[in-house]
Amino acid sequence: MAAALPAEWIKNWEKAGKNEFLQLCRTLSENKSHDNVGFRDIQQVLYELAYHVIRGNLKHDQASNVLGDVIELREDMPSILADVFCILDIETSCLEEKSKRDHFTQLVLACLYLVSDTVLKERLDPETLESLGLIKQSQQFNQKSVKIKTKLFYKQQKFNLLREENEGYAKLIAELGQDLSGNITSDLILENIKSLIGCFNLDPNRVLDIILEVYECRPEYDDFFVPLIESYMYMCEPQTLCHILGFKFKFYQDPSGETPPSLYRVAAVLLQHNLIDLEDLYVHLLPGDNAIIEEHKREIVEAKQIVRKLTMVVLSSEKTEEKEKEKEKEEEKTEKPPDNQKLGLLEALLKIGDWQHAQSIMDQMPPFYSTSHKPIAIALCQLVHVTIEPLYRRVGVPKGAKGSPISSLPNKRAPKQADSFEDLRKEVFNMLCYLGPHLSHDPILFAKVVRLGKAFMKEFQSDGSKQEDREKMEILFSCLLSITDQVLLPSLSLMDCNACMSEELWGMFKTFPYQYRYRLYGQWKNETYNSHPLLVKVKAQTIDRAKYIMKRLTKENVKPSGRQIGKLSHSNPTILFDYILSQIQKYDNLITPVVDSLKYLTSLNYDVLAYCIIEALANPEKERMKHDDTTISSWLQSLASFCGAVFRKYPIELAGLLQYVANQLKAGKSFDLLILKEVVQKMAGIEITEEMTMEQLEAMTGGEQLKAEGGYFGQIRNTKKSSQRLKDALLDHDLALPLCLLMAQQRNGVIFQEGGEKHLKLVGKLYDQCHDTLVQFGGFLASNLSTEDYIKRVPSIDVLCNEFHTPHDAAFFLSRPMYAHHISSKYDELKKAEKGNKQQHKVHKYITSCELVMAPVHDAVISLHLPKVWDDISPQFYATFWSLTMYDLAVPHSSYDREVNKLKVQMKAIDDNQEMPPNKKKKEKERCTALQDKLLEEEKKQLEHVQRVLQRLKLEKDNWLLAKSTKNETITKFLQLCIFPRCIFSAIDAVYCAHFVELVHQQKTPNFSTLLCYDRVFSDIIYTVASCTENEASRYGRFLCCMLETVTRWHSDRVIYEKECGNYPGFLTILRATGFDGGNKADQLDYENFRHVVHKWHYKLTKASVHCLETGEYTHIRNILIVLTKILPWYPKVLNLGQALERRVHKICQEEKEKRPDLYALAMGYSGQLKSRKPFMIPENEFHHKDPPARNAVAATVQNGPGGAGMPTSLTINTAKLEESTAEETEKLKEKSQGAVKVINKAANTTPKVTTSNGNSASNSKIIKEKDDKEKSGKEKDKEKKEKITAATPETKALGKDGKDKPKEERANKDDKAREIKEKTPKSDKEKEKAKKEEKASKEEKSKTVVTTVESKSAAEKEREKEPSREKDVVKDMKSKEITKGGEKIPVAGSLKSPVPRSETSESEREQKRRKVDTHSSPSHSSTVKDNLNELKDSSAKHYINHTTPTLSKSKEREVDKKDLDKSRERSREREKKEEKDRKDRKRDHSNSDREVPQDSTKRRKEENGTTGSSKHSKSESPSDSPRSNEKEKEKSKSKSSGKEKGDSIKAEKMEKSSSGSKKESRHDKEKTEKKEKRESAGGKEEKKQYPFTCQSYRKDTEK
């Protein structure tokens, strides 16, 4: 404030300065708003004025004058002025300049009249006062002031020791100690105390101390002492009371001292009444906060050391040392720790209910440090008891319980008691949080809190409240969860196995959704135990104890161990189960004892167990695959198995586990389906296994009771409750349908999403697991959900497929029970509506209800496939196929009988049992009888049902197959969309598919060719087998097994065949245009030809099997072995096929022993079973008639003879070819009124004519005639040659183009033949002669043979070589013209029996034959076609086999061909001779069939031995047989009269020889085929891929 007095003012003081100065002073003194500021400013102004005087700028009288004016402005102005003088006095006394000091004294003297002497004496220095003349001597003045101070401050006037004034203090104590119950008040006593202090000069501080002492001794008189102290404190300084208390506490702070509780209480009460501040008192208490923190850290370290010791493995020698050290440490610990005054005060505060102060003390310490001291925890619990009392009495007390009420604190300042849940949040929850795990000290309070929680949850879940209340409730709910997490669960861990608390807590927990519960368990397990040293120790001890129990747990001591586990689990379930599960994952043999030992758990523990299981399953650190990446890890399998067992046995909530599986599926992970599979299997008793026996499977086609009794491996009883629990869990959480859909979608996900990186074997396993679980789960839903539940949850089929993208098989699987429920309920309605008991009425009602239910389904399925599909099969047929089950098609009578007999045996055993008490006997017998009645009732019910279904199918069948394109196409669609997807869906479905095919046949369904269907199924199984997973292969094997069973039944007996197939449209061999199913008997396939076909199918199966076994591919080998094992009962039946298989399987056993042990095991298993079947195998000639003379099946068609080489196949396949060729072709064919069929048949028939080579007789008839004419002259032979050539030439011309295309193949074929012939040169003289002749002839006729061979190529082969269809037509036409050139017509009753071999028939004969073919189809087609098929098969084999075919020299070819011609001529001559003679009277059938059999059978024989691929032409049997058989033929012709018996024996003999011959050549032949196959493979590869299922459809593609 330098500018406060400007220099101008001083210069012009008299004129203006004085006035300005006064004005300034006035202004400053008036400005009273800033009192302090104004005071300072005035001081400054006065100081400056005085300083100007000292410096000599202003005279002292001028200054005194103006100060006289200023003094009046403020009352305190003299004091301000004195202060200014005091400062200037000090300043000037230090200056050396004398003048300034003089100026100062002059100024003060001039102003003496303004400031009084006393003020100046107080403030100025004694020397200054002396110089001013205010005192005489400064020294005397100093002495005097010291004396006064001593008297005032240091001379005792009051007595503070009791002995100094004992009377006064005695009276004081008497005053305070008197009986206070009367009208005595604190005010009265206070007056007396004041009097005593005054009278006896008592020290007031000592009086206060004595009041506190007395208060300590009389704590019940709070109401008296507190007001007394409060009043007394008005006479003392505020800090006095706090200091006195502090000194009291200090007194007890030496090591041996112990602070009395009464002192804590007094301090607490004074704090509560705010007579002292906590901060002031806190500093007087020991120990310091730092010491407390250090101690807390030390405790944590100690706890960790204990844990480490428990987990360490200690050797016995070290143990003793360890124990000694521990003892020493414990002794040290027993020394008493110094008193903790802070905790003592805290306890006192809690006891009197001063929560605020207690809370602030707790906040100064580490968390839970204070409450870890039991007295404090108990005091806090008591406070909570009091606070929650009214609310607990209102809502928490259980019904019927009285409880002991708790009186409230007398203290009005204690926390307000809670009357509502909202009040809990204010104080109680806070108190509980400070308690933390130490609520364990008071189980009763624990129970009360839990009961309040339960009551709150009840209110919370009843949705009647307003929005505001709802929000409050939400907040309270989250508080409750926090309390549970931080207080209740940790406290439970510290309680000593209190099962009641666990159950009490579950009462509240079960009201929480499982998501909240699991969250709490997770926190409890993974975080809570690390939050507190005590809990750390408890965790370690629990694990230690768990290890001890688990080491000793066995099946024998389940009960005692179970009790120990139970005890341990009541407090620390998470830790215990975590350890137990880790053990189960390592040792799966622990599962059973552990499951049994868990029976002593509480409900809460079971719930925790469910959580622990899920956590173990979801463990991200565990690999779900074994290291080889081909199998699921054993820990996962063990856990899944444990899951199933434990969830079945105990009432554990399933929702969490099911949701976990669903979430995993959503994430595209299917490993965890294993768990669902196990749970459903154990809880519902629904097993999915591929190892079911046929008896079990049969039982599974019956009703529920039969399924339960005979369908499963383990008799899983008492699943009613557990399956109900599973059902409820699924419905309550809406998981039933989502799980189904997720599984259905995941099946493909396994392959296309999961499978990318994984091993094929594992992908197959996962796919199977996914599929099996879906089937099992769907089965569970179907059998356990009520109709309403099911229908409500499963959408319609089109929604399932189109919106949810469920695969069709799965969609129908889910919908099927719904249709069945629907139909039965509709049927019941209709029955009730009008009561007619006639069977007719019932059936009619049933059919009506079916129509009502299925009509929408028929409409729905249309959207599932392209419109083209419905040209061949009707939606009704499709829906019918997919909606029926085995239960609807057949009654398993034998199964019912078996189970009933078992029960009868049981009842007899009960009767015979002497030891069983009578009442138990009675019960058991009643049970058995009831069961028996149930089964019989069920059988009756099913029988009625099946009859109704069959009636319905009878009515429907005419609209089933529309066959708008071709019958062949119809079969393709049927197999593709119905049979194949369903036969690999489940074992029962596999059986169902086979039964359904048979049923469709038995119903005489229009447009259904049974032959075609079976042919397709057996013809080429390689693709199907290769594309199956392991379980699918097993089901596919079952399907083939059932199909073979049917075929074998028909094959076994002519009577059965005639009855079940003879007159059925399914066995028509000529497929006419749609709509014309002429019942002409001649069109039917006769029994003998059927047997040939069956042989062909067996052969095809062998070929496919051998091929799969030779690929070296894991899946091919595994799957074919599985399939072969399944079809063992019916295949192989033929000895040589069985041997071929056996050799191949033996090779697998050797190759795979070290490399792939699982394949080795499969192969060994099959090999053993195959050997045991060997005695039941029969030679080929017993399997289908095959007379020894028959060498090469010729074109002659046969009916009912023992030959008939595989006719149906030829038919089926030729017709198939026909139908599949281009549309133009089809039209032409139709125009020709099946002419084309016959033509092609003939074209096919011509094949054998040429292929009659290989040193075998051309046909049966030929052979028969051979007997007489063996020694015919050369001329005749020449004639035959000419005839043959003329016959062949037209065809040759027609096939000109083809001939050019095909020479390579033919060459190879011929080469093969030639080789074979050379290898097996004839042994007898006659044979040698014959061979020479044949060689010559073949050389001469080489070129001709080539031509004829070309002609003989079957249509299929041409098509494979991609010849344009136009060309084909031309060829066919030319052929037909050529064939019909004329000749005799030989009328035959119902069948073709031209005994003349095709190879040399005159044109007239051909004509005659053609006419017969018009009416009947020729079985010889079958052979050609078979060959075509074989070639196709070979080409499929070429996928894998890579050999090059070495071409053979021309000379060899010539030899072969000449031989062919020679032979054929010879035979034809004989045939001509005998033809007329024998036709009517001899056994035509016999000879004809002989004629054909050989062709087919020889071919088969070769194919079995590996030569099949060589060519169509190599149809003769293995030449090694030929010479002998020729001899036999001669004998036979001589002794015609001997009849069939002789023929049969010869046949058998021949069969043996042929098989031995075929063995020799097999290896060589195999090599050849492989070479040829490779060459041909290039053409066939692309088409092969298109249809993995049906070889027929494959054939179609190649033809196109």
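Residues numbered from 1 in each chain as written. Predicted model: local features only at pLDDT ≥ 70, side-chain atom pairs only at ≥ 80, totals over all residues. Heavy atoms only, no water.

> Please clarify how the nonpolar core should be interpreted in this entry.
Grouped burial of nonpolar side chains is what soluble globular proteins tend to show. Ranked by internal contacts, the top residues of the largest apolar core, which has 319 residues, are Leu345, Phe642, Leu739, Tyr1036 and Phe1039. The element contributing the most residues to this core is helix α24 (residues 467-494), with 12 residues. Counting 41 residues, the second-largest nonpolar core is a separate cluster that includes Ile42, Leu88, Leu129 and Ile135. (Core = buried A, V, L, I, M, F, W, Y, C linked by side-chain atoms within 4.5 Å. Buried < 20%, exposed > 50% of the residue type's maximum accessible area, 1.4 Å probe, protein only. Helix = DSSP H or I, 4+ residues; strand = E, 2+ residues; numbered from the N terminus.)

> Looking at this structure, how should I read the environment of Ile873?
Mapping Ile873 onto the fold places it in the loop between α43 (839-861) and α44 (875-883). In this structure, the C-alpha to C-alpha distance between Ile873 and Phe974, residues 101 residues apart in sequence, is 7.3 Å. Setting aside anything within four residues of it in sequence, one finds Ile873 in contact with Tyr878, Trp960, Leu961, Leu962, Thr970, Lys973 and Leu977. (Contact = heavy atoms within 4.5 Å.)

> For this particular structure, what's the right way to read the pattern of salt bridges?
Opposite charge on two side chains permits pairing when their charged atoms draw close. Applying the stated rule across the entire model yields 52 salt bridges. For Glu216, the salt bridge is made with Lys248, and the minimal N-O distance between the two is 4.0 Å. Taken as a pair, Glu216 in helix α12 (residues 204-217) and Lys248 in helix α14 (residues 238-251) lie far apart in primary sequence, 32 residues in all. With relative accessibility at 10%, the residue Lys248 sits in the buried group. Glu1088 serves as the salt-bridge partner of Arg1091, at 3.8 Å between the closest nitrogen and oxygen. Here Arg1091 pairs with Glu1088, and both are found in helix α54 (residues 1087-1111), just three residues apart, close to one helical turn. Considered together, Arg1091 and Glu1088 belong to a single accessibility category, that of buried residues. (Salt bridge = Lys/Arg side-chain N within 4 Å of Asp/Glu carboxyl O.)

> What exactly am I supposed to notice about the confidence of the model for the protein here?
As a general rule, the predicted coordinates of low-pLDDT regions are not to be interpreted in detail. Here the protein averages 75 in pLDDT, and 70% of its residues register 70 or above. Within the model, the stretch residues 1336-1452 combines pLDDT values under 50 with 401 contacts to residues more than four positions away or in other chains. Per-residue pLDDT stays below 50 along residues 1571-1600; that stretch engages in 92 contacts with residues further than four places along the chain or on separate chains. (pLDDT = per-residue confidence, 0-100.)

> Explain a positive patch on the surface here, please?
There is a patch of like positive charges on the surface, built from Arg545, Lys551, Arg552 and Lys567. Considering every element that reaches the positive patch, the biggest residue donor is helix α27 (residues 533-552), with three residues. For Arg545, the location among the structural elements is in helix α27. (Patch = residues over 30% accessible without salt bridge, like charges linked within 9 Å, V, L, I, M, F, W, Y side chains within 5 Å. Areas by Shrake-Rupley, 256 points an atom, 1.4 Å probe, with all protein chains shown as cover. Lys, Arg positive; Asp, Glu negative; His and termini not counted. Charge placed at Lys NZ, Arg CZ, Asp CG, Glu CD.)

> What should I look at first to understand the packing of aromatic side chains in this one?
Centre-to-centre distance and the angle between the planes together describe a pair of aromatic rings. Taken as a whole and judged by the stated rule, the model has 50 aromatic pairs. Each ring, one from Phe881 and one from Trp882, has its centre 5.5 Å from the other, and the planes form 90°; the classification is edge-to-face. Take Phe881: its relative accessible area is 0%, and that puts it in the buried class. Among the aromatic residues, ring-to-ring pairing joins Phe421, Phe456, Phe460, Phe477, Phe509, Phe512, Tyr514, Tyr516, Tyr518, Tyr521 and Tyr611 into one connected group. Above the ring of Phe460, the side-chain terminus of Arg470 is found at 4.7 Å from the ring centroid. Over the ring of Tyr992 we find Arg982, and its NZ or CZ is 3.8 Å from the ring centre. (Phe/Tyr/Trp six-rings, centres within 6.5 Å; stacked < 30°, edge-to-face > 60°. Lys NZ or Arg CZ within 6 Å of the ring centre and 35° of its normal.)

> Can you help me understand α14 in this one?
Because an α-helix completes one turn every 3.6 residues, residues spaced three or four positions apart along the sequence face the same direction. For α14, the full list of buried residues reads Thr240, Leu241, Cys242, Ile244, Leu245, Gly246, Lys248 and Phe249. Elements that come into contact with the buried residues of α14 comprise α12, α13 (222-232), α15 (261-272), α16 (278-282) and α19 (341-352).

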